[in-house]
Each structure stands twice: as C-alpha cells, then as structure tokens.
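An overview of the molecular structure
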Amino acid sequence: MMKIKATALLAALALAASAASIVPATAGHNGCEAMHALDPDHDGTMDWHEARRAAKHLFYALDPDKDGTLDLREVSGRVGILSFARFNPDRDRTLDMHEFLELVKYRFERANRDNDGTIDCRELNRLAGLRLLRVLQ
Ligand SMILES: [Ca+2]
Ligand SMILES: [Ca+2]
Ligand SMILES: [Ca+2]
C-alpha cells in the first residue's frame, strides 16, 4: 500500500515537473526556440549584428504611428519604467532608435555571461537572456 502511494506520488511529481518545464515554452520564453528566428546565419548563436537587426525590426513593429520614437506605452511589458528612464537621457518621454539600441546593447552584454561576443540558447534562457529577448521579438 505504502509502495503504491509512493509510486503515485512520484508520478504526480514527475508530471508537475514536466508541466513546469512546458510552461515557459508555451509562454514564448524558451530561449532555444527563440534562437531559430534570431540566428539567420544558423551558426547556433546570436551575435550583436543579428541582435541589432532583430531589435530594429521590433522597433519598427512597435512604432505604428511611424514617428521614429517609442513611448513607454509602446514598450510596455518589454521595458520597465526605470530602464526607460535610464536609456532616455534627453528626457523627452520617448526612446528614439539610438536610445533603444543602447538599451538592447546593454541587455545583450548582460546576457552574454561568458563574454564571447555571442549569445547561445543557454544564455538566452537565463533571466538576463529573457530580458534581452523582450526587446528583440
Ligand atoms: Ca548567428
Ligand atoms: Ca529620448
Ligand atoms: Ca556568450
């Protein structure tokens, strides 16, 4: 009886663990899956050139009025108010392309833990990598 209970408990735990590992993927936070779109030369990593390209693409997508700037509302869920203020040195309430790319570059460098100039999917899956991902796609 005890043995059956323990087995059932283990099965439940295993199920919970696999469910937990599935959640980030379905929520779009799986760095390794995201890497496909961010690695057009298919060398398995994202260099700054590739990240910059994705970031510029996102900038245009988030700027539907095409005024060349992003306000706090347009980057909500991607850039917090403190980051926004930090990368908006001219305090004009918007991020222009240059300011936005400075922010992305900062997150890129934070995410690149081994300092090898590229982001691999393991790095992308860490917290700093997910923060970077939010300003890339
Ligand atoms: Ca690449
Ligand atoms: Ca600005
Ligand atoms: Ca790296």
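See the structure above.
Let us now look at the packing of aromatic side chains. Here the structure, examined in full by the defined rule, presents four aromatic pairs. Through successive ring pairs, a cluster of aromatic residues spans Phe 59, Tyr 60 and Phe 100. In this structure, Arg 86 packs its charged tip against the face of Tyr 106, placed 4.4 Å from the ring centre.

In this section: the coordination of the calcium ion (ligand 3). Each pair of donors in an ideal four-coordinate tetrahedral metal site encloses 109.5 degrees, whereas pairs in an ideal six-coordinate octahedral site enclose 90 or 180 degrees. Ligation of the calcium ion (ligand 3) by protein atoms is provided by Asn 112 (OD1), Asp 114 (OD), Asp 116 (OD), Thr 118 (O), Glu 123 (OE) and Glu 123 (OE), these donors lying 2.2 to 2.5 Å from the ion. What the six donor atoms of the calcium ion (ligand 3) show is an angle range of 53 to 158° at the metal, which sorts the shape as irregular. Expressed as a motif, the donor residue spacing for the calcium ion (ligand 3) is N-x1-D-x1-D-x1-T-x4-E. A residue is classified by how much of its surface remains accessible, and Asn 112, at 6% relative accessible area, is buried. What makes Thr 118 buried here is its relative accessible area of 17%.

How each quantity is defined
Residues numbered from 1 in each chain as written. Chains lettered and ligands numbered in written order. Predicted model: local features only at pLDDT ≥ 70, side-chain atom pairs only at ≥ 80, totals over all residues. Heavy atoms only, no water. Phe/Tyr/Trp six-rings, centres within 6.5 Å; stacked < 30°, edge-to-face > 60°. Lys NZ or Arg CZ within 6 Å of the ring centre and 35° of its normal. Donors = N, O, S within 2.8 Å, 3.2 Å for Na, K, Ca; no water. Tetrahedral: all angles 85-135°; square planar, octahedral: opposite > 155°, others 65-115°. Buried < 20%, exposed > 50% of the residue type's maximum accessible area, 1.4 Å probe, protein only.

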